[in-house]
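# Close look at the chain arrangement
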Amino acid sequence: MNQDEIRFDQDRRRFLRASAWGVAATAVSRAGIGDLAAAENPTPSAESPLPSRPAGVEVLMPRDRVPLSFIIDDSTCLVNMGHFCNPQFAAAWPNRAEYQKPWKSWSREIPDGFVRQFGEWCAEQGVKGKYSIVPNPACVGWLDRELPGWSRTELQSSLNLVRELMVPNWDIHPEMITHTRLIDLKTGRPMKEISSATMENSYPQEKKSVDELAAYLAYALRILKNCELPCEGVTTPGGFGGMVKSELPMAVDQAVRDVYGATLPHYFKYVVSGDESTEPKLEHLRGVGTDDVRLTVNVPAGTGDWFGGWQGDSLSEPDRYCNRDATNGRMVELIQRRQPAVMLCHWPGMYSNGSQEGFRSFQRVVESLASRFGDDTIWMKVSEIAHYWAAKQLTEIEHVGNRLILKAPFASSKFTLQIDGGVGPVSVQHGGDRKLLKETTTRSRLDSETWFSDEKHLVACFDLPKGTTHLVLGETG
């Protein structure tokens, strides 16, 4: 294994094998637990098949564009996780050279000024994704109570910044409770023993029930809820859940529903490499064909972290994502394959201990992608991708005369349908309301409430509500 592969393995987990419904993956933790036994995810039962589709009708990607997203791990309020995690990892894995670095010289804080700079620039560029908020970052303090080293005013100001600036464009996830030491849920304190067995990055090292996992997830989620932060999903740190891959999506579903009441929970754990599909996986699916469809969406990343690493002390390799003219790189590869292109990084690598080298590299990648693929891509939050794929795969479609009757278990914006030989005008009817869509002359201008046609196809883009919707072709009234 070369150095790039070693670092990639340390920074995140990878899929080794993927399918439309299940994965058998080997989780590799940057905290050094090695390869874990693969476990198959549940497959759909005979009672929950995917709905069939009429011939000549296809659900495209939103606006017929490739979704882009940016997953940020190891972020939280004020605390630089690279600085505070390192000594705890070193205590659990004393023989790992990765943890014998001069961590005391690294920044203890990633200031809110940088969060504002990053968030405002991303908003201007339309960048969206996932931003972790670790509830008790590296055991420094509880974000819903106190954060020793910072005043309560500073903590509240930091949380307000996340609510106001980040939440509109970023999903908020807990990355377990501490991202380091395992918390005893009965006492709220870290386990007394310090070893790989008591670190979240390698937990559990034996089978656990769905209820046990869900309780741990819910503990983290409740802290974010106390902080008045919205949440529809979770991120697993390192190899968390590697021994319980089949139980994990069920636990995510249970915890997110219980704490937040979310109807479509999702999670980020895996990184897809090579030729495997980066499309989200619908897991633990049940109730198809009823009014109560339930599942968990597994949204993978499609790149490694090449922006500065989880410790924030590495030089970025932006060309691995996308070179300057956007002719090469993993993101270019995924866009050209027309598969979701989700980038991964760790927040300390954006800040780069104050130099912001990782952030500058990220800016260049975003600008390069926009210069070539601006009309072919769309930035989305991870939850938006999850909702779209659930609607894409689970919406029932019936073709009756000049109408398509859609029965959607989940709402989704910018839902895009292609109909062979369809003719306009196009209108959407939901309940008693009927709206005429606007024709656009070019495919690149497709957006919500528009349609486009050429000699072979008609493509309609509209916001799909939950329930029954009629797409009417060739009628003006």
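See the structure above.
Every value quoted in this text rests on a predicted model; they were computed, and no experiment measured them. (Residues numbered from 1 in each chain as written. Predicted model: local features only at pLDDT ≥ 70, side-chain atom pairs only at ≥ 80, totals over all residues. Heavy atoms only, no water.)

### Some remarks on the overall build of the protein chain
- Across its full length, the protein chain carries 10 helices and 23 strands.
- Burial analysis of the protein chain (477 residues in total) assigns 59% to the buried set.
- With an accessible surface of roughly 18100 Å², the protein chain has 47% of that area assigned to carbon and sulfur atoms. (Helix = DSSP H or I, 4+ residues; strand = E, 2+ residues; numbered from the N terminus. Buried < 20%, exposed > 50% of the residue type's maximum accessible area, 1.4 Å probe, protein only. Areas by Shrake-Rupley, 256 points an atom, 1.4 Å probe, with all protein chains shown as cover.)

### Structural notes on the packing of aromatic side chains
- This structure, assessed with the given rule, holds 29 aromatic pairs.
- On the numbers, 5.5 Å between centres and 55 degrees between planes, the contact of Phe118 with Phe359 is tilted. Pair noted here: Phe118 is in helix α3 (residues 112-125) and Phe359 is in helix α9 (residues 357-373), with a separation of 241 residues, a long-range link. Taken individually, Phe118 and Phe359 each receive the classification buried, so the pair is uniform in this respect.
- Exposure remark for Phe359: the relative accessible area of 1% places this residue in the buried category.
- One cation-aromatic arrangement involves Lys269 over Tyr270; the distance from NZ or CZ to the ring centre is 5.7 Å. (Phe/Tyr/Trp six-rings, centres within 6.5 Å; stacked < 30°, edge-to-face > 60°. Lys NZ or Arg CZ within 6 Å of the ring centre and 35° of its normal.)

### Quick look at the environment of Lys392
- Tracing the sequence through the fold places Lys392 in helix α10 (residues 382-394).
- Among the residues examined, Lys392 registers a relative accessible area of 17% and is labelled buried.
- Discounting chain neighbours no more than four positions away, the residues touching Lys392 are Arg53, Val59, Leu60 and Phe415. (Contact = heavy atoms within 4.5 Å.)

### Describing the pattern of salt bridges
- Overall, the coordinates contain 19 salt bridges when judged by the stated rule.
- Its salt-bridge partner being Arg152, residue Glu146 comes within 2.1 Å of it at the nearest N-O pair.
- A relative accessible area of 49% means that Arg152 is categorised as partly exposed.
- Three or more residues joined by partner-sharing salt bridges are found here, namely Arg63, Lys414 and Asp447. (Salt bridge = Lys/Arg side-chain N within 4 Å of Asp/Glu carboxyl O.)

### As for the side chain of Asp305
- Considering the arrangement of structural elements, one finds Asp305 in the loop between β12 (294-298) and α7 (330-336).
- A polar contact of 3.0 Å, which involves the side chain of Asp305, links it to the backbone nitrogen of Phe307.
- Of note is the side chain of Asp305, whose polar atom sits 2.6 Å from the side chain of His346. (Polar contact = N/O pair within 3.5 Å; in protein donor to acceptor, adjacent residues only side chain to side chain.)

### Quick look at the pairing of strand β19 (residues 433-436)
- The pairing of strand β18 (residues 426-430) with β19 spans four bridges and is classified as antiparallel. When the sheet's bridge partners are listed, Ser427 is paired in β19 with Leu436.
- The antiparallel hairpin formed by β18 and β19 contains two residues in its connecting segment, where Gly431 sits at a positive phi of about 65 degrees. (Pairing = 2+ DSSP bridges.)

### Thoughts on the sheet that holds strand β20 (residues 438-439)
- Spatial strand order, β2-β17-β22-β21-β20: five strands in an open sheet with mixed pairing. Two strands close off the open sheet at either side, each with one partner strand: β2 (57-59) and β20.
- Here strand β21 (residues 450-453) runs beside strand β22 (residues 457-464); their pairing, made up of four bridges, is antiparallel. The partner of Phe452 across the bridge, within β22, is Val459.
- Taken strand by strand, α10 contacts β2, β17 (412-420) and β22, and its axis lies near 35 degrees from that of β17. (Axes fitted to C-alpha atoms, helices over the stretch in contact; angles between N-to-C directions.)

### Structural notes on empty space enclosed by the protein
- Overall, the coordinates contain one cavity of 30 Å³ or more when judged by the stated rule.
- Put simply, the largest cavity is a space of about 40 Å³.
- Taken together, Thr76, Cys77, Leu78, Asp112, Val115, Tyr131, Ser158, Leu161 and Val162 make up the lining of the largest cavity.
- Of all the secondary structure elements, the ones that give two or more residues to the lining of the largest cavity are α3 and α4 (152-166).
- Ranked by residues supplied to the lining of the largest cavity, first place goes to α4 with three residues. (1 Å grid on protein atoms, 1.4 Å probe; cavity = no way out; pocket = protein on both sides within 12 Å on 5 of 7 lines; lining within 4 Å. Points joined across faces, edges and corners; volume = space filled by probe spheres on them.)

### What about the layout of surface pockets?
- Taken as a whole, the largest pocket holds about 430 Å³ of empty space.
- The wall of the largest pocket is formed by 20 residues, among which Thr290, Asp291, Ala408, Pro409 and Lys466 lie closest to the centre.
- Class assignment for the residues of the lining of the largest pocket results in seven nonpolar, six polar and seven charged. (Nonpolar A, V, L, I, M, F, W, Y, C, P; charged D, E, K, R; others polar.)

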